[in-house]
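# Survey of secondary and tertiary structure
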Amino acid sequence: MTTDLTQTTTDLYERMRATNPLVQCITNYVAMNYAANVLLAAGAPPAMVHTPEESGEFAAIASALTVNIGTLSPNWVEGMIAAAKSANDAGKPWVLDPVAHFATGYRQGTTTELLKLNPTIIRGNASEIIALGGGQSAGQGVDSGDPVEQAEDAARTLATAQKAIVAVTGEVDFVTDGTRSVRIAGGSDLMPKITAMGCALTALTGAYVAIAPDQAFEATVAALANFAVAGEIAAQSANGPASFMIAFVDGLYTLDAPTFKANARITAQ
Amino acid sequence: MTTDLTQTTTDLYERMRATNPLVQCITNYVAMNYAANVLLAAGAPPAMVHTPEESGEFAAIASALTVNIGTLSPNWVEGMIAAAKSANDAGKPWVLDPVAHFATGYRQGTTTELLKLNPTIIRGNASEIIALGGGQSAGQGVDSGDPVEQAEDAARTLATAQKAIVAVTGEVDFVTDGTRSVRIAGGSDLMPKITAMGCALTALTGAYVAIAPDQAFEATVAALANFAVAGEIAAQSANGPASFMIAFVDGLYTLDAPTFKANARITAQ
Amino acid sequence: MTTDLTQTTTDLYERMRATNPLVQCITNYVAMNYAANVLLAAGAPPAMVHTPEESGEFAAIASALTVNIGTLSPNWVEGMIAAAKSANDAGKPWVLDPVAHFATGYRQGTTTELLKLNPTIIRGNASEIIALGGGQSAGQGVDSGDPVEQAEDAARTLATAQKAIVAVTGEVDFVTDGTRSVRIAGGSDLMPKITAMGCALTALTGAYVAIAPDQAFEATVAALANFAVAGEIAAQSANGPASFMIAFVDGLYTLDAPTFKANARITAQ
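Residues numbered from 1 in each chain as written. Chains lettered and ligands numbered in written order. Predicted model: local features only at pLDDT ≥ 70, side-chain atom pairs only at ≥ 80, totals over all residues. Heavy atoms only, no water.

## Observations regarding the overall build of chain A
The cut-off we apply is this: Strands here are runs of E lasting at least two residues and helices are runs of H or I lasting at least four, both read from the DSSP assignment and numbered beginning at the N terminus. Should any heavy atoms of two residues lie within 4.5 Å, those residues are considered in contact. All accessibility values rest on the Shrake-Rupley procedure with a 1.4 Å probe; residue burial counts only the protein chains present in the view.
Scanning chain A for helices and strands turns up eleven helices and nine strands. A principal-axis box enclosing the C-alpha atoms of chain A has dimensions of 45 × 40 × 35 Å. Within chain A, contacts between residues separated by at least 24 positions form 71% of all contacts whose residues are at least 6 apart in sequence. Approximately 8500 Å² of chain A is accessible, and the part contributed by carbon and sulfur atoms is 48%.

Set out below in structure tokens:
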């Protein structure tokens, strides 16, 4: 299965680069610029359209939608809900990134509403997924206080309950649909030192599921492998978090399919 | 005429760098940081003041206003309108960047309102200008689906109807006042791979028209030439979009008038 | 006293890096990404939580709060006030950055409201502090039109009136509690050429006062010294403002206590 997945994700990588899917990203103020540059470099044009006056209309045009709750306010929450409903109506996949959903009542309430709208994929760090899966998390702010391994059971529970793909990202990523599950290694320990890296990964996951809505599990694995491969390469030339950030975007742009395939480290569980 | 324009735009370049005009930028969330850094590096202090509670008051203080509709919401639209009205009342020039105005009804309606307020300059990509000029565009998201050449007639029509300068930017830029028109070559094919590059150019156009409100045509050409020259130089040291983005800002900062003049490629049509 | 302060601030530096305090930053759209990356690189996880629906709840969780009025709108102003009140109720320190508060009536009114909520520290450029201290400033936009030296009396007056620490940043920074005062040298003349640098410094001041709420004066000096030392080092490898911006974040990340101590230039007044 691992060999198959490496080939499948490499094929998805090539297809995403060739297709340039339009991805609507409703993400936080901190991440908007970096996520857009990551998507463009990876091969998918982003569109940041968030207000309820147009978010639903645009979700019907875009090939996929991603929603990240990093910096909420009422207008944005309304826009997220309108966009997710429209994506559902149009049969378009959508990805939820429930940033620090446990930190305040407002975040919890918003996340509960969004989960009712059946995200195709849920991506979070270990603390976020543990808390969604009903466990006790050590998270406080936006960073994870827990290792990925401790979130695997919660991820399976959440995936089954939500009939969604769940991705837990961290030192080694974990993806499950409730039954199947894989780990993706790679990346760099500089990644958590840069803000918006997880948000950008959520956006990229949207680009992959846009071109393979019927293979959401494989699309998620491909997005994570793309990040892990580019991150590992970028770390070789970085002097710190900011030069890593630059090398990473350059690396996403110059990456090719043979390098993707040779460096993707996907292992079945 | 071309030789004259090269000298005229070089003079404007020197004057802008010496004058440091204060430019009010109402732009989208994605572009705000990069546009501000581009303006600062080029020589003009930016001020991002958008809310209707103060946008009009500030437009009377600033030397020029730029309005970009990339990430709309009602508070911002109200602030744009208040600022444009105030700029008009105070006799200050203002620049409109109608990002993907054709994508949703909300964008169309907002653009219609803003066009009634007589922008001094309208800058867009080919798809945006074709759609404004009454043509059939291939655009969908924020990127142009059309080449600049196909937008030249629409640009002339729009310039005449609006009594405005119209700039179509792309591989080779095109500027017209309805009668005169020029092309500006240069730049890099990495530019469309970086988000907010067009938005930053709109902001810079504001800096030029701020110091030459009676020469809006020449000011627009100067801004585009400044971008094209700095872009061409930056591309020589870039490894990809992100390192280009950095080299470009550095290059705007270190550029001087002789280099500007020697590398500006402006041709009359 | 200077020698003591160098040792004290070095100790605070080490403690901040070891403690990783959670800092809630309500800052402007332009600065959000850069301020977050500066905090992360320096050692403190940031959380950008601004809307009144959750800003107060989160301020009770965070170790410190910073408020920057760069890009205001009603929802944000309400969120700032709710967060500052909650920080006060929870006994958490908070830092105010009154960006261009003199530019419009809306900014003036907001700043008056925020000053009533007793910020622990006020950080601004010379024009901003002069205007707050009742003087006549040459400021117009967001950049200072006055040298730091001319703001020293206003800073002392403001510090005494507000019972707050006041920091005036510029070529040589000045910090006072109304009685004691010091200057901090260092940094680079590229710093004012990058947007959000002052906003990021405000955020970092929050990280220091978070771990030493009873030493707000020393914490402020430590934050400014951290910036000045990292800035001076970054300038050595920069080609312009953007490469400086990258080298600065890398430098904050790789800096260590001996380098901090050896390069901090703090002189008592």
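## Some thoughts on the packing of helix α2 (residues 32-42) of chain A against helix α10 (residues 241-254) of chain A
Residues and elements named next belong to chain A. The criterion, for reference: Fitting a line to C-alpha atoms yields each axis, with helices limited to the stretch in contact; the angle taken between N-to-C directions then spans 0 to 180 degrees. Working rule for angles: under 35 degrees goes down as roughly parallel, over 145 as roughly antiparallel, 65 to 115 as roughly perpendicular, anything else as oblique. What makes a crossing left-handed is the near helix being turned counterclockwise from the far one by less than a right angle; a clockwise turn instead makes it right-handed. Residue polarity follows a fixed list, in which Ala, Val, Leu, Ile, Met, Phe, Trp, Tyr, Cys and Pro are nonpolar, Asp, Glu, Lys and Arg are charged, and the others, Gly among them, are polar.
Between α2 and α10, the shortest axis-to-axis distance is 7 Å and the interhelical angle comes to 30 degrees. Compared by their axis directions, α2 and α10 come out roughly parallel. You can see that α2 and α10 cross each other, and the crossing is right-handed. Residues Tyr34, Asn37, Val38, Ala41 and Ala42 of α2 form the contact with α10, whose own contacting residues are Met245, Phe248, Val249, Leu252 and Tyr253. Of the residues contributing to the contact of α2 with α10, the split by class is nine nonpolar, one polar and no charged.

## Concerning the relation of the copies chain B and chain C
Put simply, the test is: To superpose the copies, least squares is applied to the C-alpha atoms of every residue with a pLDDT of at least 70 in both.
Once chain B is rotated about the relating axis by 120 degrees and shifted along it by 0.0 Å, it coincides with chain C to within an RMSD of 0.0 Å. Overall, the copies show the geometry of a three-fold rotation axis. Using C-alpha coordinates, one finds that chain B approaches the rotation axis most closely at Tyr29 of chain B, a distance of 3.8 Å. An overlap of only 8% is found between the interface residues of chain B and their copies at the interface of chain C, pointing to separate contact surfaces.

## Here's the deal with the pairing of strand β6 (residues 165-168) of chain B
Residue and element names in this part refer to chain B. Our working definition: Only protein chains enter the area calculation, which uses a 1.4 Å probe; residues under 20% of their type maximum are buried, those over 50% are exposed, and those in between are partly exposed. Criterion used throughout: strands pair if DSSP finds at least two bridges between them.
Alternating residues of β6 divide into Ile165 and Ala167 and Val166 and Val168, and every residue in both groups is buried. Where strand β5 (residues 121-124) and β6 come together, four bridges link them in parallel fashion. Counterpart to Arg123 in the pairing with β6 is Ala167. Bridge count between β6 and strand β7 (residues 173-176): three bridges; the pairing is antiparallel. From the neighbouring strand, Ala167 faces β7, where its bridge partner is Val175.

## Side note on unusual backbone geometry
Residue and element names in this part refer to chain B. Positive phi is not limited to glycine here, since Lys163 has a value of about 50 degrees. Looking at where Lys163 falls in the secondary structure, it is placed in the loop between α7 (152-162) and β6. Lys163 gets classed as exposed once you look at its relative accessible area, which sits at 77%.

## Observations regarding the packing of aromatic side chains
All names here are of chain C. Where we set the bar: Stacked, tilted and edge-to-face pairs are distinguished by plane angle, under 30 degrees for stacked and over 60 for edge-to-face with tilted covering the rest, among Phe, Tyr and Trp rings (Trp via its six-membered ring) whose centres lie within 6.5 Å.
Overall, the coordinates contain 18 aromatic pairs over all chains when judged by the stated rule. Centroid distance Tyr29 to Trp76: 5.2 Å. Interplanar angle 75 degrees. Geometry classified as edge-to-face. Of this pair, Tyr29 sits in the loop between β1 (23-26) and α2 (32-42) while Trp76 sits in helix α4 (residues 74-89); the two residues are 47 residues apart in sequence, bridging distant segments of the chain. Take Tyr29 and Trp76: they sit in the same class, and that class is buried.

## A look at the interface of chain A and chain B
Where we set the bar: Here the quantity called buried area is the accessible surface, traced with a 1.4 Å probe, that two parts lose on coming together, added over both. A carboxyl oxygen of Asp or Glu within 4 Å of a side-chain nitrogen of Lys or Arg is what we treat as a salt bridge. Distance and chemistry together define a polar contact, namely a pair of N or O atoms within 3.5 Å, with one atom able to donate a hydrogen and the other to accept it when in protein, and with adjacent residues in sequence counting only for side-chain atoms on both sides.
Taken residue by residue, the interface counts 26 residues in chain A and 30 residues in chain B. Together, the buried faces of chain A and chain B total about 2200 Å²; carbon and sulfur atoms form 64% of this surface. At the boundary of chain A with chain B, the tally comes to one salt bridge. For the pair chain A and chain B, the interface holds seven residue pairs in polar contact (both at pLDDT 80 or more). Elements that contribute at least two residues to the side of chain A that touches chain B include exactly α2, α3 (55-59), α4 (74-89) and α10 of chain A. Tallying contributions element by element places α2 of chain A first for the side of chain A that touches chain B, with six residues.

## A closer look at the pattern of salt bridges
All names here are of chain C. A full pass over the atoms with the stated rule returns 24 salt bridges over all chains. Note that Glu113 and Lys116 form a salt bridge whose closest N and O atoms lie 3.1 Å from each other. Looking at Glu113, the relative accessible area reads 36%, which means it is partly exposed. Overall, the relative accessible area of 55% leaves Lys116 in the exposed class. With a shortest N-O distance of 2.3 Å, Arg265 and Glu232 are connected by a salt bridge. Placement of Arg265 in strand β9 (residues 265-268) and of Glu232 in helix α9 (residues 216-235) is noted, with a sequence separation of 33 residues between them. Accessibility expressed as a relative area gives 41% for Arg265, which makes it partly exposed.

## Examining the interface of chain B and chain C
Facing the 26 residues of chain B at the interface are 30 residues of chain C. Counting the surface lost from both chain B and chain C, the interface buries some 2300 Å², and carbon and sulfur atoms represent 64% of this. There are one salt bridge connecting chain B and chain C. Between Arg107 of chain C and Glu54 of chain B there is a salt bridge; the shortest N-O distance is 2.8 Å.

## With respect to the sheet that holds strand β4 (residues 94-97) of chain B
Strands pair in a sheet through their backbones, by hydrogen bonds, and they do so in one of two ways: parallel or antiparallel. Residue and element names in this part refer to chain B. A sheet is described by the order of its strands in space; here nine strands give the open sequence β2-β1-β3-β4-β5-β6-β7-β8-β9, paired in mixed fashion. In this open sheet, the two edge strands, each paired with only one partner strand, are β2 (46-47) and β9 (265-268). Of the strand pairs in this sheet, β4 and β5 are connected by two bridges, and their pairing is parallel. Within the sheet, the bridge partner assigned to Leu96 lies in β5 and is Ile122. Across the face of the sheet, α7 comes into contact with β5, β6, β7 and β8 (181-185) while running at roughly 30 degrees to β7.

## Some words on the environment of Arg107 of chain C
Relative to the assigned elements, Arg107 of chain C resides in helix α5 (residues 105-115). Distance from Arg107 of chain C to Ile69 of chain C, taken between C-alpha atoms, is 7.6 Å for residues 38 residues apart in sequence. For Arg107 of chain C, the residues in contact, after removing those within four places along its chain, are Val49 and Glu54 of chain B together with Ile69, Gly70, Leu72, Val99, Ala100 and His101 of chain C. A distance of 3.5 Å separates the side chain of Arg107 of chain C from the backbone oxygen of Ile69 of chain C, its partner in a polar contact.

## Observations concerning the relation of the copies chain A and chain B
When chain A is fitted onto chain B, the two copies agree to an RMSD of 0.0 Å after a turn of 120 degrees and an axial shift of 0.0 Å. The residues that chain A uses at the interface reappear at the interface of chain B in only 8% of cases, marking distinct surfaces.

## Observations concerning the nonpolar core
We apply this condition: Grouping buried Ala, Val, Leu, Ile, Met, Phe, Trp, Tyr and Cys residues that are joined through side-chain atoms within 4.5 Å yields what is termed a nonpolar core.
By size, the foremost hydrophobic cluster in this structure holds 336 residues, and its most contacted members are Tyr208 and Phe248 of chain A, Tyr208 and Phe248 of chain B together with Tyr208 and Phe248 of chain C. With sequence-adjacent residues up to four places away left out, Tyr208 of chain B is seen in contact with Leu12, Tyr13, Met16, Ala219, Ala222, Ala223, Asn226 and Phe260 of chain B.

## Remarks on empty space enclosed by the protein
Just so we agree on the cut-off: Here a cavity denotes a set of grid points, spaced 1 Å apart and computed over the protein atoms alone, in which a 1.4 Å probe fits but from which it cannot get out, and a pocket denotes an open set meeting protein on both sides within 12 Å along at least five of seven lines; residues with an atom within 4 Å of a point are reported as lining. Grid points are joined across faces, edges and corners, and a volume is the space filled by probe spheres set on the points.
Considering all chains together, one arrives at four cavities of 30 Å³ or more under this definition. Around the largest cavity sit 24 residues that line it, and Asn33 and Met245 of chain A, Asn33 and Met245 of chain B together with Met245 of chain C are the ones nearest its centre. Counted by class, the lining of the largest cavity contains 17 nonpolar, six polar and one charged residues. Approximately 60 Å³ is the volume attributed to the second largest cavity. Forming the boundary of the second largest cavity are Tyr29, Val30 and Asn33 of chain A, Tyr29, Val30 and Asn33 of chain B together with Tyr29, Val30 and Asn33 of chain C. Split into classes, the residues belonging to the lining of the second largest cavity amount to six nonpolar, three polar and no charged.

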